[in-house]
Amino acid sequence: MQELVERMSGLAPEWLIGPGLIAAAIVGALLIYKVIRAVVKRTIGARSSILLPTLQRTAGPARLALCLIAVALVLPLAPLDDAWRRALAHLFAVATIALVGWITIRAVDLAATRYLQRFRNDIAENFMARKHVTQVRVFKRVIDTLIIIVVISTALMTFDSVRQYGVSLFASAGAAGLIVGLAARPLLSNLIAGVQIAVTQPIRIEDAVIIENEWGWVEDIASTYVVIRLWDWRRMVVPLSYFIERPFENWTRDAASLIGSVMLYVDYAADVPRIRKRLEEVVKQSKLWDGAVVNLQVVDANSRTMELRALVSARNAPQAWDLRCEVREKLIAFLQKEMREALPRDRADILPPLAVHADQLRPSYAGAAH
């Protein structure tokens, strides 16, 4: 290699040989990676369903590692002055730190993916799967954030200016430290709330929740916020700390099945047992009913109507909503067609006209006049 460098010095300017060797080393490393990946995919990839995703996720760190190894082999042979050599050595150190952090993040990602492959999300009762998906996602993002912070801090500490003055600046500047602390408080509170959510599980991925009078599903739990997929396809983004500090409704906390209610207002002449029988027929014919709960009760009465409450159960929140709408529609149609006397109505006693009683009332008026 040394002889090759000496021969190149006679063919090209000396200032071009060093960068040219480094560039050639990087190109060679990328070509070597491409060949190795093609060989591995051809020999082992067809028989392994795990290796191909692993190769795809580790492509970036693997390329960077090969490039750093190639540069480390070529750098001592490159004819560079001391200033360039020190700058490249510093850049090499920073790149190595970034490589270690990148590999660590990819290792955490692969471990999380491998762990979640044991659970199924395509079944109705998938509470265990959603529980582990929520925990793994939150912990993974918290760990990724910590890794990035450590990597950036370590890389910055390789610069003399930051190492000598950076720490003392933050330590001595009380006002600046207070401002930074106040600015970072929401971020830190949401990170801590994320850990609490992962441990205590007040919400999980795909939980049906009602928050701020909006109904939807937990679509994603990030490191500082939660994305709620609303029923009309909108997205609500809520800070993680909201779910620790404020009340909300979780319809699938312990089970996916729900009981829905349908309110009807009928006249006092309504035949309640007949309406109850019709309710049972409606839910038994519906594919949305889970076969658990069906009931009809008179829950209130006022001067005009009776208030009936029909209770029906379904496997999950969307089916419970659709079943309630179906029951409401069919019971109203039943009352209109077969029990019109049950529809709410107003009653009044209509007296004869005043002229009919004029003769009876006149003597009283005459006596009063005398």
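Residues numbered from 1 in each chain as written. Predicted model: local features only at pLDDT ≥ 70, side-chain atom pairs only at ≥ 80, totals over all residues. Heavy atoms only, no water.

What follows is about the packing of helix α4 (residues 59-74) against helix α5 (residues 82-116). Across the interface, α4 lies against α5 with an axial gap of 10 Å and an inter-helix angle of 155°. The angle between α4 and α5 places the two elements in the roughly antiparallel class. For the element pair α4 and α5, the recorded crossing hand is left-handed. Contacts between α4 and α5 pair G60, P61, L64, A65, L68, V71 and A72 from the former with F92, A95, T96, L99, W102, I103 and R106 from the latter. Of the residues contributing to the contact of α4 with α5, the split by class is eleven nonpolar, two polar and one charged. (Axes fitted to C-alpha atoms, helices over the stretch in contact; angles between N-to-C directions. Helix = DSSP H or I, 4+ residues; strand = E, 2+ residues; numbered from the N terminus. Parallel < 35°, antiparallel > 145°, perpendicular 65-115°, else oblique. Left-handed = near helix turned anticlockwise from the far one by under 90°. Contact = heavy atoms within 4.5 Å. Nonpolar A, V, L, I, M, F, W, Y, C, P; charged D, E, K, R; others polar.)

Turning next to a nonpolar patch on the surface. Together, F139, I143, V195 and V199 line one region of the surface with nonpolar side chains, adding up to about 300 Å² of accessible area. Within the residue set of the nonpolar patch, elements represented by two or more residues are α6 (127-156) and α8 (174-200). Assignment of secondary structure puts F139 in helix α6. Classification of F139 by relative accessible area gives partly exposed; the value is 33%. (Patch = residues over 30% accessible without salt bridge, like charges linked within 9 Å, V, L, I, M, F, W, Y side chains within 5 Å. Areas by Shrake-Rupley, 256 points an atom, 1.4 Å probe, with all protein chains shown as cover. Salt bridge = Lys/Arg side-chain N within 4 Å of Asp/Glu carboxyl O. Buried < 20%, exposed > 50% of the residue type's maximum accessible area, 1.4 Å probe, protein only.)

Our next topic: the sheet that holds strand β7 (residues 289-301). Ordered by their spatial adjacency, three strands build an open sheet running β6-β8-β7, and the pairing between neighbours is antiparallel. In the strand order of this sheet, the two ends are held by β6 (258-266) and β7, each with one partner. The sheet shows a mean angle of 20° between the axes of neighbouring strands, direction not considered. In the sheet, β6 pairs with strand β8 (residues 306-314) via nine bridges, with the strands oriented antiparallel. Bridging from a neighbouring strand, M263 pairs with R309 of β8. Packing of helix α10 (residues 272-285) onto the sheet brings it into contact with β7 and β8, and relative to β7 it is tilted by some 155°. (Pairing = 2+ DSSP bridges.)

Here the focus is the environment of I97. One can find I97 in helix α5. The spacing of I97 and I152 is 55 residues in sequence and 8.7 Å in space, taken between C-alpha atoms. Setting aside its immediate chain neighbours within four residues, I97 contacts V151, T154, A155 and T158.

Moving on, we come to the pattern of salt bridges. All chains considered together, the criterion is met by 14 salt bridges. Among the salt bridges present, the one from D144 reaches K140, with a minimum N-O distance of 2.9 Å. Of the two residues, D144 and K140 both sit in helix α6, four residues apart, roughly one turn of that helix. On the basis of relative accessibility, which here comes to 12%, the residue D144 falls in the buried class. Ionic contacts of the salt-bridge type, sharing partners, join the residues E206, E219, R229 and R235 into one network.

To continue, consider the nonpolar core. Judged by nonpolar contacts, the single largest core of 30 residues is most densely connected at I275, L279, L296, L308, L323, V327 and L335. Elements with a contribution of two residues or more to this core: β2 (214-221), β6, α10, β7, β8 and α11 (317-338). Among the elements that take part in this core, α11 stands out by supplying seven residues, more than any other. With near-sequence residues (within four places) excluded, L335 lies in contact with V266, I275, R340, A342 and L343. Judged by nonpolar contacts, the second largest core, of 20 residues, contains V133, V142, M236 and F243. (Core = buried A, V, L, I, M, F, W, Y, C linked by side-chain atoms within 4.5 Å.)

With that settled, the discussion passes to the sheet that holds strand β1 (residues 208-211). Spatial strand order, β4-β3-β2-β1-β5: five strands in an open sheet with antiparallel pairing. The sheet is open, and its two borders are formed by β4 (235-239) and β5 (249-250), each paired with just one other strand. For β1 and β2, the ladder comprises four bridges, and the chain directions are antiparallel. What sits directly across from I210, in β2, is W215.

For the coordinates displayed, the defined rule picks out five aromatic pairs. When the ring of W215 is compared with that of W217, the centres are 5.1 Å apart and the planes differ by 45°; the resulting orientation is tilted. W217 gets classed as buried once you look at its relative accessible area, which sits at 18%. With a centroid separation of 5.0 Å and 85° between ring planes, the pair formed by F243 and F248 is classed as edge-to-face. On the accessibility criterion, F243 (5% relative accessible area) is buried. The partly exposed category is assigned to F248, whose relative accessible area is 21%. Grouped by ring-pair contacts, the aromatic residues W215, W217, W251 and W321 constitute a single cluster. (Phe/Tyr/Trp six-rings, centres within 6.5 Å; stacked < 30°, edge-to-face > 60°.)

Another point: the pairing of β4. Alternating positions in β4 separate cleanly, M236 and V238 being buried on one face and R235, V237 and P239 remaining unburied on the opposite face. In terms of strand pairing, strand β3 (residues 225-230) meets β4 through five bridges, oriented antiparallel. Paired with V227 across the strands is V237, a residue of β4. Counting the residues between successive antiparallel strands, the hairpin from β3 to β4 contains four residues, one of them, W233, with a positive phi of roughly 75°.

None of the figures reported here should be taken as evidence of function without further support.
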